[in-house]
Amino acid sequence: GLKKKEVHVLCLGLDNSGKTTIINKLKPSNAQTQDIVPTIGFSIEKFKTSSLSFTVFDMSGQGRYRNLWEHYYKEGQAIIFVIDSSDKLRMVVAKEELDTLLNHPGYSLQRIAITDIKHRRLPILFFANKMDLRDAISSVKVSQLLSLENIKDKPWHICASDALKGEGLQEGVDWLQDQIQ
Ligand code: GTP
Ligand code: MG
């Protein structure tokens, strides 16, 4: 058949938000792993949709590894940002990391550096994950707490998801696919 277009995506968000679980669930069932452990550094994963072949940089969200993220900004043509909707205590930390990401100017003195997130029109897909948990807040509330309405220069979309059951993931990835072609 036709070769699918290749897209590189960064998967970011705090530790324990469910990034690796989401990426795993997007793979064909025979390629999924059963035991998911906290990511060390990062891991490169692949999955396909109807028209695209995704390569994902699944970054560790642990504090000590978050400074790695910016070294991979140049690799990304889109961002998946995952939030644990039940982790109200750390919602402010997630917001800080998101704001740092969105304001990252790159280091180049040239017009627009390829590491520059601030000035690139990168689509950002947010997953308000763990919606199955009793104390999860709604995706609307997550979007308010992260002030997503202030993102004016990038297309973005938020989906509530349950990565354990795989709910909400397809809607998100369909949106991402539409943004990319
Ligand atoms: P780091 O690699 O440390 O940055 O974490 P991560 O964001 O990759 O999280 P990971 O996928 O390892 O998931 C962390 C824990 O949350 C695991 O125990 C998952 O089973 C659990 N988890 C992930 N998604 C969901 C979800 O939608 N609902 C529930 N209840 N648990 C989830
Ligand atoms: Mg992980």
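Residues numbered from 1 in each chain as written. Chains lettered and ligands numbered in written order. Predicted model: local features only at pLDDT ≥ 70, side-chain atom pairs only at ≥ 80, totals over all residues.

The name an unreviewed UniProt entry gives the chain is ADP-ribosylation factor-like protein 6, with Dromaius novaehollandiae as the organism. In its Sequence similarities (unreviewed entry) section, the UniProt entry covering the chain states "Belongs to the small GTPase superfamily. Arf family." (UniProt positions renumbered as here; feature names shortened; annotations may be inferred.)

**Q** Go over the overall build of the chain, please, and point to the residues and values.
**A** A count of helices and strands for the chain gives four helices and six strands. Traced from its N-terminal end to its C-terminal end, the chain shows the element sequence β-α-β-β-β-α-β-α-β-α. The C-alpha atoms of the chain give a radius of gyration of 15 Å, which matches the 16 Å a tight globule of 181 residues would have. Relative to its full complement of 181 residues, the chain shows a buried share of 34%. Put simply, of all contacts in the chain between residues at least 6 apart along the chain, 70% involve residues at least 24 apart. (Helix = DSSP H or I, 4+ residues; strand = E, 2+ residues; numbered from the N terminus. Rg over C-alpha atoms; globule rule 2.2 N^0.38 Å. Buried ≥ 20, exposed ≤ 12 C-beta atoms within 10 Å, placed from the backbone. Contact = placed C-beta atoms within 7 Å.)

**Q** Break down the pairing of strand β3 (residues 52-59) for me, citing the residues and quoting the values.
**A** Both strand β1 (residues 5-12) and β3 contribute to a ladder of seven bridges, which runs parallel. Each bridged residue has a counterpart across the sheet, and for Val 7 the counterpart in β3 is Phe 54. (Pairing = 2+ DSSP bridges.)

**Q** How would you explain the UniProt feature "binding site: Mg(2+)" (unreviewed entry) in the chain if you had to name every residue and give the values?
**A** UniProt marks Thr 20 and Thr 39 with the feature "binding site: Mg(2+)" (unreviewed entry), using the numbering shown here. These annotated residues cover 20 residues of sequence, and their C-alpha atoms lie no more than 7.5 Å from one another, placing them together at a single site. Exposure remark for Thr 20: the 23 C-beta atoms within 10 Å place this residue in the buried category. Within the fold, Thr 39 resides in the loop between α1 (19-25) and β2 (42-48).

**Q** Lay out helix α2 (residues 91-102) with the relevant residues and their values.
**A** Taking 1.5 Å per residue as the helical rise, α2 with its twelve residues ought to reach 16 Å, and the 16 Å between its terminal C-alpha atoms agrees with that figure. Along α2, the residues that are buried comprise Ala 94, Leu 98 and Leu 101. Seen end-on, α2 carries its buried residues on one side only, within an arc spanning 60°. Facing away from the buried surface of α2 by more than 90 degrees, the exposed residues are Val 92 and Glu 96. Next to the buried residues of α2 lie β1 and β4 (78-84). (Expected span 1.5 Å × (residues − 1). Arc of directions from axis to C-beta.)

**Q** Pulling in residues and values, what's your account of the sheet that holds β1?
**A** Strand order in the open sheet formed by six strands is β2-β3-β1-β4-β5-β6, with mixed pairing between adjacent strands. Lying at the two open borders of the sheet, with one neighbouring strand each, are β2 and β6 (156-160). Going from strand to strand, the sheet's axes swing by 25° on average, the running direction of each strand aside. (Axes fitted to C-alpha atoms, helices over the stretch in contact; angles between N-to-C directions.)

**Q** For the site of ligand 1, give the residues involved together with the corresponding values.
**A** Surveying the vicinity of ligand 1 reveals 22 residues, the closest of which are Gly 18, Thr 20, Thr 21, Thr 39 and Gly 61. At three residues, α1 tops the list of elements feeding residues into the shell around ligand 1. Taken together, the residues that form the shell around ligand 1 break down as six nonpolar, eleven polar and five charged. (Near = placed C-beta within 6 Å. Nonpolar A, V, L, I, M, F, W, Y, C, P; charged D, E, K, R; others polar.)

**Q** Any details on the environment of Trp 156? Residues and values, ideally.
**A** Along the chain, the position of Trp 156 falls in strand β6. With residues near it in sequence (within four places) discarded, Trp 156 still touches Ile 124, Phe 126, Leu 148 and Ile 151.

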